[in-house]
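Understanding the architecture of this molecule
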Amino acid sequence: MHPLPYRLALLAALAFLTVPNVVDAQPSEADSAADTTVAVEPRFVLRLPHVTVEPGQMTDTVAVTLATHGAEIAGFDLKIGCDSRLVTIADVLRGAIPDSCRWEYFAARDVFQVGAETGPLSLWKVIALARSTPGGEKPTCFGLDREAGLVELVLNFNPKAYLEDTTVSLFFYWEDCRDNVLSDKSGSQGMISNRVFDYYGALTDSLADAFPSRTGTPRQCVDPARRNHARRLVDFHNGGISFPIMLAPDTIGAAEDRSGVTDSL
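Not measured: the values here are computed from a predicted model.

Focus: the overall build of the protein
Across its full length, the protein carries 4 helices and 13 strands. The proportion of buried residues among the 265 residues of the protein is 49%. In the protein, the share of contacts with a sequence separation of at least 24, taken over all contacts with a separation of at least 6, comes to 81%. Looking at the protein as shown, the accessible area adds up to about 12,700 Å², and 50% of this sits on carbon and sulfur atoms.

A closer look at the confidence of the model for the protein
Of the residues in the protein, 70% reach a pLDDT of 70 or more, and the chain-wide mean stands at 78. Below pLDDT 50 for its whole length, residues 1-36 participates in 74 contacts with residues either more than four positions away or in separate chains. In the model, residues 248-265 has pLDDT below 50 throughout and makes 17 contacts with residues more than four positions away in sequence or in other chains.

As for a nonpolar patch on the surface
Taken together, the side chains of Phe112, Val114 and Leu121 make up a nonpolar region of the molecular surface, amounting to roughly 280 Å² of accessible area. Relative to the helices and strands, valine 114 resides in the loop between strand 6 (105-110) and strand 7 (122-129).

A look at the pattern of salt bridges
Going through the model one piece at a time under the given rule, you end up with 8 salt bridges. Notably, a salt bridge pairs arginine 214 with aspartate 83, separated by 3.2 Å at the nearest N-O pair. Of the two residues, arginine 214 is situated in the loop between strand 11 (190-197) and strand 12 (231-237) and aspartate 83 in the loop between strand 4 (73-82) and strand 5 (87-94); the sequence distance between them amounts to 131 residues. One connected set of salt bridges, linked through shared partners, spans Asp77, Lys79, Lys125, Glu175 and Asp179.

Rules of the game
- Residues numbered from 1 in each chain as written.
- Predicted model: local features only at pLDDT ≥ 70, side-chain atom pairs only at ≥ 80, totals over all residues.
- Heavy atoms only, no water.
- Helix = DSSP H or I, 4+ residues; strand = E, 2+ residues; numbered from the N terminus.
- Buried < 20%, exposed > 50% of the residue type's maximum accessible area, 1.4 Å probe, protein only.
- Contact = heavy atoms within 4.5 Å.
- Areas by Shrake-Rupley, 256 points an atom, 1.4 Å probe, with all protein chains shown as cover.
- pLDDT = per-residue confidence, 0-100.
- Patch = residues over 30% accessible without salt bridge, like charges linked within 9 Å, V, L, I, M, F, W, Y side chains within 5 Å.
- Salt bridge = Lys/Arg side-chain N within 4 Å of Asp/Glu carboxyl O.

Here's what the structure looks like:
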């Protein structure tokens, strides 16, 4: 990781994000009507993975991918969560884009708050910048000519999942107007959620008005009167992990003893 402290990198990241940091304000009817930035077709598609866990598998490393349709980006600020005791996000690593393009800065940290009454059980914030210091080494590219990884999620699986047939969601999470934002190559334009799809492909309400949110950037985060205001150009696709029932012969009796008992996820 680049030696700059996380706080300095965060300040650098926020410098290129043009989304106002409005957390508690509620939009007026005029504000809501003025949010005309929704794209007819998204320029960017960001996907969390779909994973099927194999018998005995305890961990996996999977990519969060971005399709840019020929556009370029110079940074991103993501927040990714999971809300099940069967899955833990253990680490987040550089994906193919920041790695192959030799981006200058990448930082990931676990932001789960012990004792918090709300929020996912596993939550990570990731910031990457093509350049974070003046005069630094120039990146070799600002995206790849294919759908490619932004980050790699290291997932740990709880063994008790193998006694259950269940699906666990991975999702993008919004607690602030600056969460889940891409920056264009110039560093002056932020791109935010256009639509958000859940694990099964259903479209969610991406213009919700409150934080925290699993459905996208709220309307009050967009001020069309502001120069270089954020644009709704990104479709977010949540992911999931499937645990098929995988009972070994010596566990069948134990599973029968548990009949009618279901652990809370």
